[in-house]
Every structure is written in C-alpha cells, then in structure tokens.
Amino acid sequence: MLIGLGGLLVTFGVLHYGNPMSQNISNPEVSATSQQPMIEFRGVEKYFDDYHALRNINLEVPRGQVVVVLGPSGSGKSTLCRTINRLEPIDQGEIFIDGVQLPEEGKELARLRSDVGMVFQQFNLFPHMTIRNNVTLGPMKVRGLKKPEAEDLAMQLLERVGIANQADKYPSQLSGGQQQRVAIARALAMRPKVMLFDEPTSALDPEMVNEVLDVMANLASEGMTMLCVTHEMGFARKAADRVLFMDTGAIVEDAEPNSFFTNPQSDRAKDFLGKILSH
C-alpha cells in the first residue's frame, strides 16, 4: 500500500530544524515541565457496524512515556493506535494530543496529525524514489524545506538508523528491516511529538526484527513519547514504561512491565501470557 502526499501528514510529524542527532529527540519547543498528558482518551467508543471495537477507553499517556499495547488478535490494539490520528474515526468520546482535542476533519485535523508520526506494518515507501528522496519528500513538499536542508536532515537521520550507506538505493534493493528503518527515519524527519508503531515488525523475517526493535529502543531511551502495538515481548520488557493489555475492545490491565509479566491480574492476561511465553 502506498500513501500520497496527503498521507504524509499522517506519517510525518512537526518539523523542527534543529540537530536530529541530538540526545533528546522529543520536541524541544515543548516545556518538559508541562503536566498535561501528551495523549489522552476520554470515554472513547468505536464500532465497525455491529462490532464494538473500542469500549469506554480512558487513558492518559504522559510526555516521554513509552507504552506498549498487547493483546490477542482482534482485541482492538491497532484500532486504538489508529484512532490517535483519526485514521479510524471514533463514534463517541474525545481524544487529545498535547492538550488539543483532535478535530473530526479539515485543516485543524491535518495540523494536529502533523504532530504524530506513524510507522505501519507495511513500509509504505515510494518504490520509484531513492531512500534519500523518500525521506526528503515530506519536508520539501509538505513543509517547504529547501532541497539542501532536506537532504542534510535526511542523511543525518539515515545515519542515525544505520543505513546512510543505502541512501541512493531504491526500496526494492533493501531488506525488509532496512525498509522499515527508512520508514522510521522518514517519520522522524518531521520531528513529531508522538510516534505510533502499529506492529512494525510483523511483516519482517525473524532475523530482521531486532534491527528495527533496536532503533525503537533507542528512541524510547531518548525521551520520545511512543505508543507501540506489538507482539514482541522482549521489547515490551526492555523498552516500555507501561504495558496495556487489551481484550474485546477494552483495556483490561494497565501496569508497569515487570508487574504485568510476573503477576498479571486478569485470567485473560494470564492465559495470553501462558500461550505467548511458552513458545
């Protein structure tokens, strides 16, 4: 699946033309002392026809927190993630990004979406463009950055994710893990306040998973606010500040990782972990 320029506003975040290699990759223009949540759900409900996909979601994610969302297939994990930038509209309730309510449509929605970077299961790279041009496209077309500045930014970010030496290749010449790292660099090129990851390793061969998880773990350690839907238990243990366990559209457990993995409270979470961790 490919995304057009309109979709770039979903994948990319706000531009900040500081050094993308700086130690703290979160937006430096936002006060670190702010107490308002970076992401907030208030009474969110979502239906697909008669199917109740999200049930009374009330959630606050503080600035700089890394939240991993776990649960069985069909539990509502990806739907929760995709409502944060209204890739999936909600039927009831409110969602806020950095204190601003997410509008239903229009220019204000596009503006708030630009604060949120998203990395999908599929890489969504433009196959006819080089890796360098995939990363520079958003800053140039959406934000009007001049080509030399955009290319400098792109190369710094590609270096950061370990594939600067692939900049002049095309997506088809890269492995799946390398393509997903390009997708992460492309999202970071817009300096988002929040990064969403919707099962970013699920389409990868097993030997390529760790190279993507390592990049995500580095982001987590540098203060980026992240919400990650994943089945990678090792990443959840290593990088998460908090684990949400979902089932049938509801948040069943909300705990720090060690507590969740060693002492789950619900029977459904115990059953889920028993099946996952036994493999």
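Below: a short report on this structure. (Residues numbered from 1 in each chain as written. Predicted model: local features only at pLDDT ≥ 70, side-chain atom pairs only at ≥ 80, totals over all residues. Heavy atoms only, no water.)

1. Quick word on the overall build of the protein
Each helix and strand counted, the protein has 10 helices and 10 strands in total. The buried share of the protein, reckoned over its 279 residues, is 57%. The long-range share in the protein, meaning contacts at least 24 apart out of those at least 6 apart in sequence, stands at 71%. Of the roughly 12100 Å² that the protein leaves accessible, carbon and sulfur atoms contribute 46%. (Helix = DSSP H or I, 4+ residues; strand = E, 2+ residues; numbered from the N terminus. Buried < 20%, exposed > 50% of the residue type's maximum accessible area, 1.4 Å probe, protein only. Contact = heavy atoms within 4.5 Å. Areas by Shrake-Rupley, 256 points an atom, 1.4 Å probe, with all protein chains shown as cover.)

2. A short note on the pairing of strand β9 (residues 242–247)
With 6 of 6 residues buried, β9 is to be regarded as a mostly interior element. Neither face of β9 is exposed, since Arg-242, Leu-244 and Met-246 on one face and Val-243, Phe-245 and Asp-247 on the opposite face are all buried. Alignment of strand β3 (residues 66–70) against β9, held across 4 bridges, turns out to be parallel. Across the sheet, the residue bridging to Val-67 is Arg-242, located in β9. Here β9 runs beside strand β10 (residues 250–255); their pairing, made up of 5 bridges, is antiparallel. Pairing of Leu-244 across the sheet is with Asp-254, part of β10. In this antiparallel pair of consecutive strands, β9 and β10, the connection spans 2 residues, and Thr-248 shows a positive phi of 45°. (Pairing = 2+ DSSP bridges.)

3. Some words on the pattern of salt bridges
Across all of its chains, the model carries 14 salt bridges by this definition. Lys-193 is the salt-bridge partner of Asp-115, the closest N and O atoms lying 3.6 Å from each other. One end of the pair, Asp-115, is in the loop between α3 (106–113) and β6 (116–119); the other, Lys-193, is in the loop between α6 (176–188) and β7 (194–198), and 78 residues separate them in sequence. Here Asp-115 matches Lys-193 in class, with each residue buried. Between Arg-268 and Asp-271 there is a salt bridge, and its shortest N-O distance comes to 3.3 Å. (Salt bridge = Lys/Arg side-chain N within 4 Å of Asp/Glu carboxyl O.)

4. Remarks on the environment of Ser-266
In this structure, Ser-266 sits in the loop between α9 (257–262) and α10 (267–277). Expressed as a C-alpha distance, the spacing of Ser-266 and Val-252, which sit 14 residues apart in the sequence, is 7.4 Å.

5. Brief notes about the packing of aromatic side chains
This structure, assessed with the given rule, holds 3 aromatic pairs. Taken together, a centroid distance of 5.2 Å and an interplanar angle of 50° make the contact between Phe-245 and Phe-272 tilted. Here Phe-245 is found in strand β9, whereas its partner Phe-272 is found in helix α10, with 27 residues between them in sequence. One aromatic cluster in this structure is built from Phe-245, Phe-260, Phe-261 and Phe-272. Note that Lys-46 overlies the ring of Phe-48, its terminal NZ or CZ placed 4.6 Å from the centroid. If you follow Arg-237 out to its NZ or CZ, it ends over the ring of Phe-261, 4.4 Å from the centre. (Phe/Tyr/Trp six-rings, centres within 6.5 Å; stacked < 30°, edge-to-face > 60°. Lys NZ or Arg CZ within 6 Å of the ring centre and 35° of its normal.)

6. Points about the sheet that holds strand β5 (residues 100–101)
Note on sheets: strands pair through backbone hydrogen bonds, and any given pair is parallel or antiparallel. The antiparallel open sheet is built from 4 strands, whose spatial order is β2-β1-β4-β5. Either end of the sheet is taken by a strand with one partner, and the two such strands are β2 (51–61) and β5. Relative to β5, strand β4 (residues 92–97) runs antiparallel, the two sharing 2 bridges. In the sheet register, Ile-97 faces β5, and the bridge partner there is Val-100.

7. Thoughts on the sheet that holds β3
Taken together, 6 strands build an open sheet; the order of strands is β6-β7-β8-β3-β9-β10 and the sheet is mixed. The open sheet terminates on both sides in strands that have one partner only, identified here as β6 and β10. Strand after strand, the sheet turns through a mean of 20° between neighbouring axes, direction not considered. Bridge count for β6 against β7 is 4 bridges, and the pairing is parallel. Residue pairing in the sheet places Gly-117 in a bridge with Met-195 of β7. On the sheet, α6 packs against β6 and β7 and is oriented at approximately 175° with respect to β6. (Axes fitted to C-alpha atoms, helices over the stretch in contact; angles between N-to-C directions.)

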